[in-house]
Amino acid sequence: MNPFCEIAVEEAVKLKEKKFIKEVVAVSCGPTQVTETIRTALAMGCDRGIHVEVSGKDYEAMGPLQISKIFAALAKKEEASLVILGKQAIDDDCNQTGQMTAALLDWPQGTFASEVTIDGEKVKVVREIDGGLETIKISMPAVLTADLRLNTPRYATLPNIMKAKKKKIATMKPADLGVDMVSRVEVLRVDEPPTRLAGVKVETVDDLVAKLKANGTI
């Protein structure tokens with residue numbers, strides 16, 4: 001599991017333990033293998049899981065926009081009060097899914113959260129920004145994205161791993177949610193960076209100057 005998503009799961013479970021929320025649902029999109037990631041979330045304390053099955057070319061082309069559409073549709077279907085995500089993926093580092101989900105739902109968002117406090121129907125979020133920390137208060141329902149300093153995720157114990165095997169994981173397809181998976185991005189080609197040229201050793205400063213002049217550098 002993405003470390004940022006682990007932090008998001010931990011925060012959701014902690015909010016449930018504090019009686020701020022009633023149920024935690026873990027969601028992942030992708031081929032059959034992602035059910036293992038959902039099982040990990042269930043072992044950490046989530047109540048049930050939803051696997052949105054995406055495979056083949058749709059999976060290869062899937063980006064933040066398609067995932068956001070799925071999350072937004074599920075949030076409406078499940079009547080969620082909070083959607084908590086990791087702040088970014090660790091492969092493409094897009095940092096877009098949380099913001100796009102909030103835009104599609106027209107919900108307030110608290111991104112890069114390093115502290116979350118719920119007070120009734122309000123959420124106070126301490127955000128990590130370039131200049132330091134920013135504190136905002138937003139109304140639920142809302143979208144939050146977790147930063148590294150929000151918490152330390154718990155380890156899934158063996159008893160909880162065994163219990164997770166009995167927890168329910170519902171399987172559905174994007175079409176069941178009315179989500180269009182067509183990508184608006186087309187990869188034209190992928191090029192490797194140019195091969196780095198080997199270095200050259202010189203004996204004296206005069207040799208170095210001569211080499212630089214020969215190469216047209218000076």
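Calculation notes
- Residues numbered from 1 in each chain as written.
- Predicted model: local features only at pLDDT ≥ 70, side-chain atom pairs only at ≥ 80, totals over all residues.
- Heavy atoms only, no water.
- Helix = DSSP H or I, 4+ residues; strand = E, 2+ residues; numbered from the N terminus.
- Rg over C-alpha atoms; globule rule 2.2 N^0.38 Å.
- Buried < 20%, exposed > 50% of the residue type's maximum accessible area, 1.4 Å probe, protein only.
- Contact = heavy atoms within 4.5 Å.
- Areas by Shrake-Rupley, 256 points an atom, 1.4 Å probe, with all protein chains shown as cover.
- Pairing = 2+ DSSP bridges.
- Axes fitted to C-alpha atoms, helices over the stretch in contact; angles between N-to-C directions.

Engineer: Report on the overall build of the protein, specifying residues and quantitative values.
Structural biologist: Scanning the protein from N- to C-terminus turns up 7 helices and 8 strands. Here the protein has a C-alpha radius of gyration of 23 Å; the compact-globule value for 218 residues is 17 Å, and the former is much larger. On the principal axes, the C-alpha backbone points of the protein span a range of 75 × 40 × 40 Å. Taking all 218 residues of the protein together, 37% fall into the buried category. Long-range contacts, defined as pairs at least 24 residues apart, comprise 67% of the intrachain contacts of the protein with a sequence gap of at least 6. Per element, the accessible surface of the protein, about 13,700 Å² overall, is 52% carbon and sulfur.

Engineer: Summarise the sheet that holds strand β7 (residues 142–146); cite the residues concerned and give the values.
Structural biologist: In space, the 5 strands of this open sheet follow the order β3-β7-β4-β5-β6, with mixed pairing throughout. Each of the sheet's edge strands pairs with one partner strand only, and the pair in question is β3 (82–86) and β6 (132–139). Going across the sheet, the axis of each strand differs from the next one's by a mean of 35°, ignoring polarity. Sheet topology places β3 next to β7; 5 bridges connect them, and they run parallel. Within β7, the position partnered with Val 83 by the bridge is Val 143. Strands in contact with helix α1 (residues 3–17) are β3, β4 (109–119) and β7; relative to β3, the strand with the most contacts, it is inclined by about 150°.

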